[in-house]
Amino acid sequence: MKKVIVIITAVLTVSFAGCEQKPKETVNNKTTENSVTSANTKDSKESLPKKMADAATITARKQVPVLCYHQIRDWSEKDSKSSRDYIIPVDAFKAQMKILADSGYHTILPDQMYDYLAYGTALPEKPVMLTYDDTDDDQFNIAAPEMKKYGFKGVFFIMTVSLNRPKYMTTEQVKQLSDEGHVVESHTWDHHKVTGYKTPEDWVTQIEKPKKKIEEITGKSSHCFAFPFGLWNREAIPELKKRGVQSAYILSTKRDPDDPLFTIRRIIASGFWSAPTLYKAMIASFK
Ligand SMILES: [Zn+2]
């Protein structure tokens, strides 16, 4: 320890002695000098806690486009016109991913969105978030491999009741998505809307237990949520907060001016949209 102090003192003395012409000793001791400087910088950064922006500042930030997908498969005759909004034919999905990649978009994940909104942390150029609701297995079989072609990562909002049921993802598939760098988060236990929860037990069943289950499967913290049907009310937000949820996603309705982190907007990518239509809708909706 004493030796280190002696070296530092020597470096500082030499540095102060000649600002114009750096003596040879300073150059020789550059590593020591740099390590002292970076250690000081780190200390000062750690001593300043990050200050979260207020709601008005968060609301004023440019919105990042967030797309919401459900099923990705070709339509069958049985699919009604209204359900086709939620079913993207495979080629249409592929074209949508391609137009995003060709246009220079980079996918971001919920922690990046949170840091951007709460603290103003920079995002990659042309950010977009790709989210997938409801646990359908074509999200694993079709969406994930297609995203992989472009280095995209997505967010999978799952209902834990659906795991391992026919046509839904298995626990192993969800774990694999998480291991591959995608994010798996909660969309409740069985898709009941939060505006209908009446007892404390409802919150435990729909919010607490699924969060814990996801953490058990992925081995990672779960602190993000997507409201079923995009439906929310102001009473739900403190209930989510006290259960460790840090941000929540709605659909294309208006954000809460007081709690914008709990009402982050998304648009549903319609099964009727071509890739250019999706692109235009995305630009128009997120300003
Ligand atoms: Zn849903």
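Up top you'll find the structure we're talking about.
Residues numbered from 1 in each chain as written. Predicted model: local features only at pLDDT ≥ 70, side-chain atom pairs only at ≥ 80, totals over all residues.

> Kindly report on the overall build of the protein, identifying the contributing residues and their values.
A count of helical and extended segments in the protein gives 11 helices and 10 strands. Counting across all 287 residues of the protein, residues that qualify as buried make up 30%. Long-range contacts, defined here as pairs at least 24 residues apart, represent 62% of the contacts in the protein between residues at least 6 apart. (Helix = DSSP H or I, 4+ residues; strand = E, 2+ residues; numbered from the N terminus. Buried ≥ 20, exposed ≤ 12 C-beta atoms within 10 Å, placed from the backbone. Contact = placed C-beta atoms within 7 Å.)

> Residue-level account of the pairing of strand β7 (residues 183-186), with values.
Going residue by residue along β7, you find V183 and E185 tucked away on one face and V184 and S186 tucked away on the opposite face as well. Sheet topology note: the strand β6 (residues 154-158)/β7 ladder contains four bridges and is parallel. The partner of I158 across the bridge, within β7, is S186. For the segment spanning β6, helix α8 (residues 171-179) and β7, crossover handedness is right-handed. (Pairing = 2+ DSSP bridges. Right-handed = clockwise from strand over helix to strand, strands pointing away.)

> Before we move on, could you go through the pairing of β6 and cite the residues and values that matter?
Successive residues of a regular strand alternate their side chains across the two faces of the sheet. Among the five residues that make up β6, five are buried, leaving the element largely enclosed by the rest of the structure. Here β6 shows no split at all, with G154, F156 and I158 on one side and V155 and F157 on the other all buried. Judged from the four bridges that link them, strand β5 (residues 127-133) and β6 form a sheet pairing that is parallel. Looking across to β6, one finds that Y132 is bridged to F156. As a crossover connection, the stretch from β5 through helix α7 (residues 137-148) into β6 is right-handed.

> I'd love a proper account of the nonpolar core, names of residues and values included.
Formed by 55 residues in total, the largest nonpolar core has its most connected members in Y69 and A248. Residue contacts for A248: discarding those within four places in its chain leaves F225, A226, F227, L240, F262, T263 and I264. (Core = buried A, V, L, I, M, F, W, Y, C linked by C-beta atoms within 7 Å.)

> Give a description of unusual backbone geometry that names residues and reports values.
Of note, the phi angle at T188 is positive, near 80°, even though the residue is not glycine. Within the secondary structure layout, T188 lies in the loop between β7 and α9 (200-218). One non-glycine residue with positive phi stands out, namely F229, at about 60°. Assignment of secondary structure puts F229 in the loop between β8 (224-226) and α10 (236-241).

> Which residues make up the environment of A92, and what values go with them?
Within the element layout of this structure, A92 appears in helix α5 (residues 90-102). For the pair A92 and R73, spaced 19 residues apart in the sequence, the C-alpha separation amounts to 9.5 Å.

> Talk me through α9; I want residue IDs and the actual numbers.
In an α-helix, one turn spans 3.6 residues; hence positions three or four apart end up facing the same way. Between its terminal C-alpha atoms α9 stretches 26 Å, which fits the 27 Å expected from 19 residues at 1.5 Å a residue. Taken as a whole, α9 carries its principal kink of about 30° at E208; the proline P210 stands between one and four residues after it. Looking only at α9, the buried set comprises Q206, I207, P210, K211 and I214. Where α9 is buried, its residues contact β7 and α10. Trailing α9 by a residue or two, G219 shows a phi angle of about 75°, which is positive. (Expected span 1.5 Å × (residues − 1). Bend = angle between axes of the 7 residues up to and from the residue.)

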